[in-house]
Amino acid sequence: MSAASCLRSEDQFLCSICLDVFTDPVSTPCGHNFCKNCINEHWNSNDQYLCPMCKKVFYTRPELHINTLFSEVVSHSSEQQAAKPGEVPCDVCTGTKLKALKSCLVCLTSYCETHLEPHLTALGLKRHQLMDPVENLEDRMCMKHDKPLELFCKTDQTCVCMLCSVLDHKTHEFVPLKEEYEGKKAELGKTEAEIQEMIQTRQLKIEEIKHSVDLSKEAADREKAEGVQVFTALKESVERGKKTLINSINKKKKKTEKQAEDFIKELEQEISELKKRSSEVEKLSHSEDHLHLLQNVPFLKAAQPTKDWTEVSVRPSYEGTVVKAVAQLEETLSKQMKKLLEAKLKRVQHYAVDVTLDPNTAHPNLILSDDGKQVYCGDVTKKLPDNPERFSPSACVLGKQSLSSCRFYFEVQVKEKTDWDLGVARESINRKGNITLRPQNGYWTIWLRNQNEYKALASPSLRLSLKSCPQKVGVFVDYEEGLVSFYDVDAAALIYSFTGCSFTEKLYPYFNPCPNDVGKNSAPLIICPVNQTV
């Protein structure tokens, strides 16, 4: 079938009113065909029943008959889908544009199923190069030679036509588009896999961040609840202390007032007696009876009050009352702080890990126990392979266990030692030559020197003033929060915390028992099991 005949065939199925493919085609008595809705609306809007095609006038509204043949043809035609937005439409269709099935690189035209038929049957058209439908077919033609782009120039990394390969690119290396397509497709597959891996990595990071936010919320809620509980208890304690203080002061005030009242009462009584005695003395002094005066004077003197009021005083003593009340409050606060620290230590102890020493990292002078739990410094340097992991000349050793996320905790007995270093170190630390223990060098540590000199080896180092010498030190790391904390386990006291740390690689427990100092520091560092009972 020719293209022209295809167009004529298609025109037969167009409604002359809406100029589109028939919908519910019906026939009038004069033999013309219309969409049922179109002809009805046409007649409803006019005063007479006139055929739009032949202009024949009907005096009564004609009865419309369904055109069975057209209905079947239109129904078959409608099975071909109309082009949707984003799909390539047929360039030949008039009216409703059907979805193209193929594009011809020779004709530079896209065809639906009906209009593609000549390319599948006509001998001359069968030689044309068909491909999946694409828009802008002119972009697939060589702008210089107006030929299809069929080759890929590997030298210039561009698509060219056959004439380009023998003219402008004749010395270059060429491959068919399909071959380069396969190679690039394989690369895209690899790129897609890499992209998907990157997407997955970032999705996991999102989940990790969300999990961190959840943990942060839980920790914040826990800390708030604990804080409210503590401050409520402190507030109640302050209120009790204030009440006790006021009661004590009032009690002392009442006692002072009672004492003053008693003194005044006694003094008033003596004054009354003295006034009476004064009246008697005055009366006697005016007596002219010699015998009477001499007989009564001794009695008047004997009846006088003898109490010495010179040293008597009322001195209210409130001194030290407030100080004592504050001291009691301070004691209560100290007890509350101790409870808090004990609770904090119990929480971090739940992150305890089983740490053992790594002999591959130990300096040749260090002596490790068979179970990898103890280490001290000997006097003899053992002959050991100088592998990259081993410390030299610093007498240090790392734990086998590493951490790159979450939290971990371990405890080390330092009893009877005069010198030691403890903490964590990142995997990439320099293990050869002299070591400077600083966070910027990959070490987060504290140390003891001369039996009672403690330091946090920050930048700069910080002298630590401890109430007691720790016998057992707990080391806690929160990788995500960037926190390294050290605890006096027996006192349940915080020794020091490195905060705001930025960890980007694995961390390992770090130990240095220090030289034995002629036996004064011969006690080992001992990794202890953690008591997690609450």
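Note that residues are indexed from 1 along each chain, following the sequence as it is written. For this predicted model, a pLDDT threshold of at least 70 governs which residues receive local features, and a threshold of 80 or more governs which side-chain atom pairs are given and counted, while totals over whole chains, interfaces and linings are taken from all residues. To get the side-chain values, take all heavy atoms of the structure and skip hydrogens and water.

Draft legend 1. How the structure looks around the sheet that holds strand 10 (residues 158-160). Here three strands make up an open sheet; going across it, the order is 10-9-11 and the pairing antiparallel. Strands with a single pairing partner mark the edges of an open sheet, and in this sheet they are strand 10 and strand 11 (174-176). Sheet twist, expressed as the mean angle between neighbouring strand axes with direction ignored, is 35°. Bridge count between strand 9 (residues 151-153) and strand 10: three bridges; the pairing is antiparallel. Counterpart to Phe 152 in the pairing with strand 10 is Cys 159. Contacts: residue pairs with any heavy atoms within 4.5 Å of one another. Helix axes are fitted only over the stretch in contact, all axes being lines through C-alpha atoms; the angle between N-to-C directions runs from 0 to 180 degrees. Put simply, DSSP marks the helices as runs of H or I at least four residues long and the strands as runs of E at least two long, and each gets a number from the N terminus on. Contacting strand 9, strand 10 and strand 11, helix 7 (residues 177-285) runs over the sheet at an angle of about 85° to strand 11. When DSSP finds two or more bridges between two strands, those strands count as paired.

Draft legend 2. Spotlight on the environment of Glu 226. Relative to the helices and strands, Glu 226 is located in helix 7. Residues Glu 226 and Leu 340 lie 114 residues apart in sequence; the distance between their C-alpha atoms is 8.6 Å. For Glu 226, the contacting residues outside a window of four places in its chain are Leu 340, Ala 343 and Arg 347.

Draft legend 3. Main features of the pairing of strand 20 (residues 453-456). Only protein chains enter the accessibility calculation, which uses a 1.4 Å probe; a residue whose area is less than 20% of its type maximum is buried, one above 50% is exposed, and one in between is partly exposed. Residues Tyr 454 and Ala 456 point to one face of strand 20 and are all buried, whereas Glu 453 and Lys 455, pointing to the other face, are not buried. Across four bridges, strand 19 (residues 443-449) lies against strand 20 in antiparallel orientation. Counterpart to Ile 446 in the pairing with strand 20 is Ala 456. Counting the residues in the hairpin turn of strand 19 and strand 20 gives three residues, including Asn 450, whose phi is positive at 55°. Relative to strand 21 (residues 462-464), strand 20 runs antiparallel, the two sharing three bridges. From the neighbouring strand, Ala 456 faces strand 21, where its bridge partner is Leu 462. Taking the residues that link successive antiparallel strands as the turn, the strand 20-strand 21 hairpin has five residues.

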